[in-house]
Amino acid sequence: MALNGIQIFKMTPKTNCKECGSPTCMAFSMKVAQGAAEISACPHMSEEALATLAEATAPPMKTIKVGAGDKEYTLGGETVLYRHDKTFVSRTRYAISLCSCMDDADIDAKLEAMKKVDYERIGEQMYVEMVYVNYHEGDAQDKYLDIVKKAAATGRVLVLGCTDEAVAKAALDICKDGKPILNGANAANAEAMSKLATDAGVVLGVSGADLNELYDTVAKLEGLGNKNLVLDTTGADVKTTFANTVQVRRAAIKNEDRTFGYPSIVNLSKIAKDDKYMQEALVSLFTMKYGSIVVLDQMSYDVALPLYGLRQNVFTDPQKPMTVEPGIYPINGGDENSLCLTTVDFALTYFVVSGELERSGVPCNLLISDAAGMSVLTAWAAGKLSSGTIAKFVQENVEDKIKCRKLVIPGKVAVLKGDLEAKLPGWEIIVAPDEAVQLVKFMKEFK
Amino acid sequence: MLLFDIVFNGNDKMYAEAEEAVNAAIAKYGEEKAVGFPETAYALAAYYAETGDKITNLKECKAGLEYIKTQMPRERRLDSVFKSGVATALAAEILEVTKYIEGDPYEGISEGAMTDAQLRELGVPLVVYDIPCVALIIHAAPSVQEAVDLVKSYQSQGNFVCLVGGIIDQLKEANYNMGFNVRVYPIGDNISCAAHAVSVASRVAMVFGNITPGDKVGLQKYHFERFRCFVNAFGPLDEKTVACGAGAIYYGFPVITNDMEYTPSVPKSLIKLADVSKFNKASLEARNIKIKVTNVDIPVAFATAFEGEIIRRGDMQVEFDGSRIDSFELVQTKELTEIEDHKIEVVGPELDEFEQGSKNGIAFIVEVAGKKMQPDFEPVFERKFHAWINGAEGIMHTGQRDMIRIRVSKDAFEAGFRAKHFGEILYAKIKGEFEAVVDKCQVTVYTDQAECSRLRHEVAQASFDKRDERLSSLTDENVDVFYTCILCQAFSPSHVCIVTPERLGLCGAVSWLDAKATHELEPDGACQVVEKVGLIDENLGAYESFNEAVHKYSMGALERITMYSIMVDPMTSCGCFECICGIEPFSNGVAIANREYAGMTPLGMTFPELASMTGGGVQTPGFMGHGKHFIGSKKFMAAEGGIQRIVWMPKELKDVVADRLNATAKELYGIDNFADMIGDETVTDSDPEALFAFLTEKGHPALGLDPLM
Amino acid sequence: MPFNQKPEKFAAKINTVTIGNGDKAIALGGESVLPLYTFDGPIDNAPKVGVEITDLGVEDIPGVKAYYEGCGSVADMAKKASEMEGADFVVLSLKGGDPNGEDKPTEDLVAIVKEVVAALGDYPLVVEGSGNVEKDNELLTKVSEACQGTNALIMSAKEENYKTVGASAGLAYGLNVGAESAVDINLAKQLNVITTKLGVNPEKIVMNIGNAAVGYGYEYVVSTMDRIRNAALSQNDDTLQMPIITPVSVDAWSVKESMASEEDMPEWGPAEERGIGMEIMGAAADLVSGSHAVILKHPQSVATIAKMIKELV
């Protein structure tokens, strides 16, 4: 059972020494309770207190790190089954899949296509984080190693799908510094694979013929002292894979069965081979329900645009709304003479408003000022959107760039009109309709 | 003759006519001859709804009459009058159906029975009250003009008017447009035609009310509660008409007549009124019908877009300024009988008579009445005046109560805006937005300076004082119920506020009165009643009913809650909190930060850091979100010793709450100027030791209290 | 030691709502498990896929336009839509009635509905209004009359006009009523409560809890659906046990990702593929969050989602 901040505080030395980095022991305790700080950051905790706390604050699902340097990703560490209960912390990572059974041209084409997908969406860079390199039993080892080299050269985190001990060892020798995942342990080879992974310092992927076998194999690996694992929940078909993935996560979080408290890998190249559209459906499904890594045949913009948008939404902290950067956003080719409209930096509001403005086809500039990520009325009520904040933003950031002196404000804060006119001399303040959907008509009729 | 005899006689006559018609028809066509009204699946709907039996042929008509005979008791009891009334209508329906044997008997303007298709078309607006009600007018009005005026008055309110007898000829004479689609439906000349109106009511109950045919009790209840209908019967009344009227009254449809002969009049059921021009009002009132007000009848535009408009001095026609000249706005609750709906009166000169650019006084007294109206809603309405009046183009309004300022622009004045239009705005908005509780609204606009002054001091001030007194006298103990507020669940799904008189919502925007009003106005909305049942711990403010409420409204996320503790199951926060308090362990008290305060606190956390830990509907013992107003409340962490635990808050916040805080501290602990004992950022913004030293110097009571944890 | 499976089966149940008549009728809901969790218990009625057409004729959407080639009327399109691979029902949108758009008169739209009803027979039909609450008051009343006997689903009754739409579709003509709210569990609940109070049978109500394109505030949709399904099943909240229908296509095809032309965004590739991606991913996410039916436009999306459902349930 998790401890609350007060309970943790009671175990601290209560000296406010600040050595943990927090200004007070109370602040530190609150952060630990939130999972925002490690209890070990306090150098003055008694052993006894540490042990109690470690047990109580241990998460139901382990946080597993893969990759190295700026390509290090965190998997797992979830504490809830539904995002509204708190938040999901580790976003699903996507891998494209290569195989020793493919020819070179195919592989090169896939890697090239993958590299093209690299863009920013609301402050987040979107690209394929991982490459899954599958070893097809019986294929030449050299060919596999060549592919591993090629894949490693892309700088993405590798997932080595390989159950052959010798091949796996050779592959790890090539790429272990990049901290790949060795997805190769099963009931038959668990011990050997575990040793390989531990020696190389990489995460081990575990699979099983069914959930029982998977469970036993994980227990066995934990018995060997290896708790640096991910679980390949891919089954024979879509239905089994979904059942596996959901039940593993649910066992860990709801039933606190820590044996299944690891991130998952779902390989769509196995259950929906060569079926691009089916993979689109399934990658959405497994992003929603509990895939930590989802493997696809390949990546292109038509898949990435919806997928990364979905992921960005699902992994947003419900308490902290997504925001867009304050600034001037020209729409439909708006220039310095185009009409200005303003709204808040809450991403949802921005998207809805900019979408409607785009639909109107009228060139304009959307001015976004900092409103602490709140919606219009909330920001207004909280004083984050006022005639003062808008006027300040316009004077400091807009007046020297835009010649137009017409500013449209959200209908819900019509009340700001008079004040704004006083604070922004030379500007004409116009009140927009109450709802964004009415903007298309408003813009078309506005002259 | 007594009413009993009139109804019994009327009933007997109608029955005899029906019996004769059925017998004649059987003689002519035989018993098996099919009967029915055109295009309906409900046979003789009035009979079907009452009995559950469908009459489809003459044989069944005869059997039906035999049954009706059993429903005609002759004991001199009120119940017999009602039963006979219904029996009269059923007999009339059988009489009517015999007329249809050889095809539609109604030719020309009269339409007779309504088809199911028409009924469904009519039924939808009827059950949603787009058609406020059905008026059944029987016989000829004293004059053609009165007939026309009455029908027109109902029609203009959107009512559906059914006509029987002489009034049809009167309208025809006046070339008045009649027909189903203009909602004036002439049924026929004979009083037995009233059965077609009853049939409409019965079918609406079956189709829209899911009333099972034969469920007499359900049918009567549906009509009484849901089907809004009344009867206007012009004298001289005959016995059959009176008997039908008895049936109408049984179903809850009041009868208004100008025949002053018959005795007795029964309030809300049988109303005698000589003046036909008063029929409309009396009828609607008797049936409790409110006519929806949607448009604001003023010569300038009305929209929220004008709310932010500022009228500068140069553009101003006239100004009313409460800070200089006595002005006020006031809502007063009255009895229904005391006021007249939509009466708008201006006392004093019109705007034309004021000098351009002059400063004057104005007062609005808005009197409202309604069965569900409560004086507690007055301030809730009043607070809306600002937005409403501002909504008019060219009008600016600020402040409330007796500190209002209003400017009317030259443009608005030229467009025809006058003092009475303030009344129109207030009337329309009150009726529109508070329809659920306001049945009648009357507005008086005072521009007479002497009257403004007199009323301000004699009436308004007294009302405001009384209200303030009521507010301050409201305690958690002297009210029976609290309210939930889940307005924020869109952002914070598991958060539930419980709002009490002494603990307003943590956003600072929802007081107990607001929550109460919200609940009355929108019974299925965000504010629901929480009773105080199953006391667990009085000191903590823990009740089983509170636990049930938070469990239910947080969809199971929360199990327990206390009202007055921040240590044991404290109330959760959504994220809209005005303030957050948290334990400052070294001083054995709590520090409070408000949203506007950007700096550090002795807790080692800023407001945003505190907010991220306290928000989201999770219980964080030792920390709690709350409204500013709560700081001066006797219930502020009462379980842990109350406001004497407050050791630190930002200076600006302290200035806002000092008066109330000091008063409460004086009352509870006998401490003077308690606010001065509380640290702020000028003492320290981050150092608990410096704070401790300050508190020691001041002799702050928290240092001597039991340890908080 | 084997894995201790703990199926999550609830005592409560989602209502079953039937749309259409006879053999072709479809049933939504009826299960006692979370969405698509067949490993916890049976899901007798697999989620359904609807194909949306509008009164404005064939839309200029790549792939969609081609599919309806040769259709001379909306009724022809409805017939064609019902024959689409994977389709379970047809959705007729009357958005041409929107006063802020084409503002087609009610009579014209009702005439189209009548033709579509005649063309489809017993095949399940869902009719969406103009989207304008005022217009829908009148429009959906007439539409309900035209759909009498079809057991169609009429969308949507919103808080502003649930009385009229509920009374006409649900009471006067015995059809199914779609209750539309804006991505908020309490609004959805409140609308169900007041619609039921009006007299509409709860087993005739299907919720449209609102939607967003993926990437456009879709997290609110996820959380609202998660919470509704949880409240319905684990709290046995009978005011939230109505099945959910989600219109995916309108949002999916009106965002930059699917509308930007290939000329403007060459690296993005063909708009058609992007639009399909938006539809498929939106629909899959809706289904796993709690939708019992999704509304799509593109034949490829319809076929894919139908196949996914078949493999999962």
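Draft legend 1. A look at the pattern of salt bridges. Under the counting rule described, the total for this entry stands at 72 salt bridges over all chains. Note that R454(B) and E458(B) form a salt bridge whose closest N and O atoms lie 2.9 Å from each other. In this pair, R454(B) and E458(B) are both assigned in helix α15 (residues 449-473), four residues apart and thus about one turn of the helix distant. Given the relative accessible area of 36%, R454(B) is considered partly exposed. E52(C) serves as the salt-bridge partner of K297(C), at 3.8 Å between the closest nitrogen and oxygen. Placement of the pair is K297(C) in the loop between β10 (293-296) and α11 (299-312) and E52(C) in strand β3 (residues 48-54), with a sequence separation of 245 residues. Like K297(C), the residue E52(C) is buried in the burial classification.

Draft legend 2. Layout of the domain arrangement of chain B. Residue and element names in this part refer to chain B. Under the domain assignment, chain B is made up of domain 1 (3-99), domain 2 (116-286), domain 3 (304-472) and domain 4 (481-704). Domain 3 and domain 4 are separated by 36 Å when their C-alpha centres are compared. Across the contact, ten residues belong to domain 3 and seven residues belong to domain 4. The junction of domain 3 with domain 4 conceals about 840 Å² of combined surface from both sides, 65% of it contributed by carbon and sulfur atoms. A per-residue breakdown of the area domain 3 buries against domain 4 is headed by D376, F377 and V380, which together make up 37% of the total. Taken together, the links from domain 3 to domain 4 amount to two salt bridges. Our enumeration of links across domain 3 and domain 4 arrives at three residue pairs in polar contact (both at pLDDT 80 or more). Taken together, the elements giving at least two residues each to the side of domain 3 that touches domain 4 come down to α12 (378-390) and α15. Class assignment for the residues of the side of domain 3 that touches domain 4 results in six nonpolar, one polar and three charged.

Draft legend 3. Spotlight on the domain arrangement of chain A. Along its sequence, chain A is organised into domain 1 (5-57), domain 2 (63-314) and domain 3 (327-445). Each of domain 2 of chain A and domain 3 of chain A was reduced to a C-alpha centroid, and the two centroids are 44 Å apart.

Draft legend 4. The packing of aromatic side chains, seen in detail. Applying the stated criterion across every chain, the model contains 44 aromatic pairs over all chains. Aromatic side chains F82(B) and Y250(B) sit 6.1 Å apart centroid to centroid with 45 degrees between the ring planes, which places their arrangement in the tilted category. Here F82(B) is found in helix α4 (residues 78-99), whereas its partner Y250(B) is found in helix α10 (residues 239-250), with 168 residues between them in sequence. For Y250(B), a relative accessible area of 22% puts it in the partly exposed group. Through successive ring pairs, a cluster of aromatic residues spans Y94(A), Y119(A), Y301(A), Y308(A) and W268(C). The ring of F9(A) has K14(A) sitting right over it, with the charged end atom 5.9 Å from the ring centre. Positioned above the aromatic ring of Y216(C) is the side chain of R121(A), whose terminal nitrogen or guanidinium carbon lies 5.5 Å from the ring centre.

Draft legend 5. How the structure looks around the sheet that holds strand β2 (residues 160-164) of chain B. Residue and element names in this part refer to chain B. Within the open sheet, the six strands sit side by side as β3-β2-β1-β4-β5-β6. Their pairing is parallel. Only two strands of the sheet have a single partner each, and these edge strands are β3 (184-188) and β6 (270-272). In this sheet, adjacent strand axes meet at a mean angle of 20 degrees when their direction is disregarded.

Draft legend 6. Spotlight on empty space enclosed by the protein. Residue and element names in this part refer to chain B. This structure, assessed with the given rule, holds 13 cavities of 30 Å³ or more. Roughly 230 Å³ of volume is contained in the largest cavity. Lining of the largest cavity is provided by 20 residues; of these, L136, A194, V198, A248 and F253 occupy positions nearest its centre. Looking at the lining of the largest cavity, the elements that each hand over two or more residues are β1 (134-138), α8 (194-207), β4 (229-233) and α10.

Draft legend 7. Structural detail: the layout of surface pockets. All names here are of chain B. The volume enclosed by the second largest pocket comes to roughly 1,300 Å³. For the second largest pocket, the lining is made up of 42 residues, of which R467, D468, R470, L471 and S472 are closest to its centre. Secondary structure elements with two or more residues in the lining of the second largest pocket: β8 (328-333), α12, α15, α16 (512-521) and α19 (651-669). The element that contributes the greatest number of residues to the lining of the second largest pocket is α15, accounting for nine residues. Counting contributing residues, the lining of the second largest pocket receives three or more from each of domain 3 (304-472) and domain 4 (481-704).

Draft legend 8. Representation of the nonpolar core within the structure. In terms of nonpolar packing, the biggest core is built from 308 residues, with M299(A) and I305(C) touching the most fellow members. Among all residues touching M299(A), those that are not within four sequence positions of it are Y94(A), I96(A), A113(A), M114(A), V117(A), V128(A), A304(A), L307(A) and Y308(A). C488(B), I561(B), I678(B) and L695(B) belong to the second largest nonpolar core, which has 82 residues in total.

Draft legend 9. Structural view of the interface of chain C and chain B. Between chain C and chain B, the contact holds 25 residues from the first and 21 residues from the second. In this assembly, chain C packs against chain B so that about 1,900 Å² is buried in total across both faces, 51% of it on carbon and sulfur atoms. Among the residues chain C hides against chain B, the three largest losses belong to N186(C), R227(C) and Q235(C). Together they make up 25% of the total. Linking chain C to chain B there are two salt bridges. Ionic pairing is found between K197(C) and D524(B), a salt bridge with its closest N-O pair at 3.0 Å. For the interface between chain C and chain B, the tally reads four residue pairs in polar contact (both at pLDDT 80 or more). Taken together, the elements giving at least two residues each to the side of chain C that touches chain B come down to α4 (133-146), α5 (162-172), α6 (185-197) and α7 (218-233) of chain C. If one sorts the elements of the side of chain C that touches chain B by residue count, α6(C) sits on top with seven residues. A class-by-class count of the residues in the side of chain C that touches chain B yields ten nonpolar, eight polar and seven charged.

Draft legend 10. Inspection of the pairing of strand β5 (residues 125-128) of chain C at higher detail. All names here are of chain C. Side-chain alternation along β5 places L125 and V127 on one buried face and V126 and E128 on a second face that is also buried. Strand direction decides the pairing type here: strand β4 (residues 89-93) and β5, joined by four bridges, are parallel. For S93, the partnering residue across the bridge sits in β5 and is E128. Once the chain exits β4 it traverses helix α3 (residues 106-120) before rejoining the sheet at β5, and the crossover so formed is right-handed. Pairing of β5 with strand β6 (residues 153-157), which is carried by three bridges, proceeds in the parallel orientation. Residue pairing across strands places V126 opposite L153, the latter belonging to β6.

Thresholds, definitions, all that
Residues numbered from 1 in each chain as written. Chains lettered and ligands numbered in written order. Predicted model: local features only at pLDDT ≥ 70, side-chain atom pairs only at ≥ 80, totals over all residues. Heavy atoms only, no water. Salt bridge = Lys/Arg side-chain N within 4 Å of Asp/Glu carboxyl O. Helix = DSSP H or I, 4+ residues; strand = E, 2+ residues; numbered from the N terminus. Buried < 20%, exposed > 50% of the residue type's maximum accessible area, 1.4 Å probe, protein only. Domains from an automatic or database assignment. Contact = heavy atoms within 4.5 Å. Buried area = accessible area lost by both parts, 1.4 Å probe. Polar contact = N/O pair within 3.5 Å; in protein donor to acceptor, adjacent residues only side chain to side chain. Nonpolar A, V, L, I, M, F, W, Y, C, P; charged D, E, K, R; others polar. Phe/Tyr/Trp six-rings, centres within 6.5 Å; stacked < 30°, edge-to-face > 60°. Lys NZ or Arg CZ within 6 Å of the ring centre and 35° of its normal. Pairing = 2+ DSSP bridges. Axes fitted to C-alpha atoms, helices over the stretch in contact; angles between N-to-C directions. 1 Å grid on protein atoms, 1.4 Å probe; cavity = no way out; pocket = protein on both sides within 12 Å on 5 of 7 lines; lining within 4 Å. Points joined across faces, edges and corners; volume = space filled by probe spheres on them. Core = buried A, V, L, I, M, F, W, Y, C linked by side-chain atoms within 4.5 Å. Right-handed = clockwise from strand over helix to strand, strands pointing away.

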